[in-house]
Amino acid sequence: NKKLTVQAISLNSLYKKEEDFSEASIKKYIEDNRDSLKEDFISLRFAPINPLLLVDSEEFNELFFEKIDEIENLVINGSNYEKIIKNYNLNIKPIKFINKNGDNENGILQENISQNLVSKIFELKFKEVNDVNLLEYENEFALVIIDEIKNSIPNIVSKKFREKIIKALINRDIFEYNAKLMKKINTNSLTEADFVKLAKLSQADIRNVSINGIRDNNFFSTKSNKQIFNIREKSFTLVNETEKNKTFLVWTKEIQKPTLDKTSDEHDKYYHETIIGLKNNIYSSFDHYINQKYKVEINYKTLERLKNYFR
C-alpha cells in the first residue's frame, strides 16, 4: 500500500538493432551454435482426402465420415500405407526434406503443401520413419507417411531461420548489456549521475512516475510494481515491460509508507487476501510435490487419433 515516486528511462534505443549485425557476425553465431541450431528435416508422402476425392461429393456427408472412420481404423491397426492408398484410390504427393517452417534444404518455402498440415505433422510427438497418420487440417484430411528424418542446420537464405538468428543476436546483446548494468546495481556502483548520462545517451526523456499502491498500473504493470516495491529508496532496478516491449532503468526517488488502521475495511481486505495467498502457496507446493513424485507419460499419438475421431 506504499506510494512511490520513481524516475524511469527506456533502454531500448541503447540495444543493437538488426542492421547493426554484419553477415560475418551472423555466420559466426551459426558456426558457434551449430548443434543447438539443427532442426529436423523430413521427407514424406501425403494424400489429401476430401469429400470430392473420397465419395465424389462436395458435401461432408455421412458416407464421407464412414470412409474416414474406416481409414482411421486401418491406420490404428497398422495397415500398409500403399494398401490404404490403393483401396481408396488416393493420390500421393511426395515432399523432399522440409522443416517445421515448410522450407526445404535450400531455404525455399514449399508451396505444394499446406503450412497448416506441416505444423500438424511436426506436432506429432512420436514422429518416426514409416509412421502413418491420418491428420485433419483446414477443411481436409491427409494420410501421411514419414519416409526419412535427418537433423541439419537450415539454410541462411530461409527468411524464418534468418529472423531466428537475428532475434537470438539481439537477445544476446540485450542480455549482456543488462547483465553489465545489473552488476553495477548489485555492487551499488551505479549513481544518479550515471542515470542522467544514460538518459542523454539513449535520447530518452526521464519519466517521473507516481505509483499509488502496488495495484496502480497506470504506467508500470502490477508485475513490475512488485519488483519495484521490493527495492529500497534511492535504489535502482531494471524492469522489463513485456506488453510495451520496453526495458526501463528505474530509480526509486521517494517512498511513502502510509499507516493502516486495524479497524478499517482496508485492513480487513489485506488480511483476507494474505490468508488466500498463503492457502494458494500451500496448494501449489503440494501440487509440485505430487508432480515430482509421480511421473505421468502421455501417448500423444493415441491422443491425437482420439481427438481426430471425435472431430
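Above this text sits the structure in question.
Caption draft 1: Structural context of a nonpolar patch on the surface. Taken together, the side chains of F126, V296, I298, Y300, L303 and L306 define a hydrophobic patch exposed on the protein surface, amounting to about 570 Å² of accessible area. Residue position: I298 is located in the loop between α10 (265–293) and α11 (300–310).

Caption draft 2: Representation of the environment of V118 within the structure. Tracing the backbone shows V118 in helix α6 (residues 115–122). Taking the C-alpha atoms as reference points, V118 and K100, 18 residues apart in sequence, are found 6.4 Å from one another. Contacts of V118, omitting those with residues within four sequence positions, involve I98, N99, K100, G102 and I113.

Caption draft 3: Quick look at the sheet that holds strand β1 (residues 3–10). If you trace the four strands from one edge of the open sheet to the other, you get β6-β1-β8-β7, paired in antiparallel fashion. The open sheet terminates on both sides in strands that have one partner only, identified here as β6 (207–212) and β7 (236–241). Between one strand axis and the next, the sheet turns through 35° on average, direction left out of account. As judged from the six bridges shared by β7 and strand β8 (residues 246–256), these two strands associate in the antiparallel manner. Among the inter-strand pairings, T237 is bridged to a residue of β8, identified as V250. Here helix α7 (residues 159–186) sits on the sheet in contact with β7 and β8, set at roughly 150° to β7. Against the sheet, helix α8 (residues 192–202) contacts β1, β7 and β8, and its axis sits at roughly 45° relative to β1.

Caption draft 4: Structural view of the layout of surface pockets. Reported here for the largest pocket is a volume of approximately 270 Å³. Those elements that place two or more of their residues in the lining of the largest pocket are α9 (222–228) and α10. Taken together, the residues of the lining of the largest pocket break down into three nonpolar, four polar and three charged.

Caption draft 5: Structural context of the packing of aromatic side chains. Within the structure shown, the criterion is met by 10 aromatic pairs. Here F60 and F64 contribute two aromatic rings whose centre-to-centre distance is 5.4 Å and whose plane-to-plane angle is 90°, an arrangement assigned as edge-to-face. With a relative accessible area of 40%, F60 lands in the partly exposed category. Overall, F64 belongs to the buried group, its relative accessible area being 0%.

Caption draft 6: Local environment of the nonpolar core. Within the largest apolar cluster, 18 residues are counted, with the highest numbers of intra-cluster contacts made by I49, L54, I71, L90 and L143. Elements supplying a minimum of two residues to this core: β2 (39–49), α3 (51–55), α4 (62–76), α5 (81–87), β4 (132–137) and β5 (140–152). A total of four residues in this core trace back to one element, the largest contributor, which is α4.

Caption draft 7: The arrangement of the sheet that holds β2 in detail. The four strands are arranged β3-β2-β5-β4 in an open sheet whose pairing can be described as antiparallel. The sheet is open, and its two edges are formed by β3 (93–98) and β4, each paired on a single side. Adjacent strand axes in the sheet meet at a mean angle of 30° when their direction is disregarded. In terms of strand pairing, β4 meets β5 through six bridges, oriented antiparallel. Within β5, the position partnered with L135 by the bridge is A142. Sheet strands in contact with α6 are β2, β3, β4 and β5, and its direction is about 135° off that of β4.

Caption draft 8: Just the pattern of salt bridges, in detail. Inspection of every chain in the model, using the stated rule, returns nine salt bridges. A salt bridge links E82 to R45, with the shortest nitrogen-to-oxygen separation between them at 2.9 Å. Here E82 is found in helix α5, whereas its partner R45 is found in strand β2, with 37 residues between them in sequence. One salt-bridge network, held together by shared partners, links R45, E82 and D147.

Caption draft 9: How the structure looks around α8. Listing the buried residues of α8 in full gives F195, L198, A199 and S202. Mapping the buried residues of α8 onto a view down its axis gives an arc of 100°, with all of them on the same face. Along α8, the residues that are exposed and aim more than 90 degrees away from the buried face are K197, K200 and L201. Elements in contact with the buried residues of α8: β1, α7, β7 and β8. Positive phi shows up at Q203, right after α8, with a value of about 55°.

Caption draft 10: Here's a closer look at the packing of helix α1 (residues 23–32) against α7. Close contact between α1 and α7 brings their axes to 10 Å; oriented N to C, the two are set at 90°. In this view, α1 runs roughly perpendicular relative to α7, as classed from their interaxial angle. Here α1 contributes E23, S25, I26, Y29 and I30 to the contact with α7, which in turn contributes F161, R162, I165, I166, A168, L169 and R172. A breakdown of the residues in the contact of α1 with α7 according to their chemical character gives eight nonpolar, one polar and three charged.

Conventions we followed
Residues numbered from 1 in each chain as written. Predicted model: local features only at pLDDT ≥ 70, side-chain atom pairs only at ≥ 80, totals over all residues. Heavy atoms only, no water. Patch = residues over 30% accessible without salt bridge, like charges linked within 9 Å, V, L, I, M, F, W, Y side chains within 5 Å. Areas by Shrake-Rupley, 256 points an atom, 1.4 Å probe, with all protein chains shown as cover. Salt bridge = Lys/Arg side-chain N within 4 Å of Asp/Glu carboxyl O. Helix = DSSP H or I, 4+ residues; strand = E, 2+ residues; numbered from the N terminus. Contact = heavy atoms within 4.5 Å. Pairing = 2+ DSSP bridges. Axes fitted to C-alpha atoms, helices over the stretch in contact; angles between N-to-C directions. 1 Å grid on protein atoms, 1.4 Å probe; cavity = no way out; pocket = protein on both sides within 12 Å on 5 of 7 lines; lining within 4 Å. Points joined across faces, edges and corners; volume = space filled by probe spheres on them. Nonpolar A, V, L, I, M, F, W, Y, C, P; charged D, E, K, R; others polar. Phe/Tyr/Trp six-rings, centres within 6.5 Å; stacked < 30°, edge-to-face > 60°. Buried < 20%, exposed > 50% of the residue type's maximum accessible area, 1.4 Å probe, protein only. Core = buried A, V, L, I, M, F, W, Y, C linked by side-chain atoms within 4.5 Å. Arc of directions from axis to C-beta. Parallel < 35°, antiparallel > 145°, perpendicular 65-115°, else oblique.

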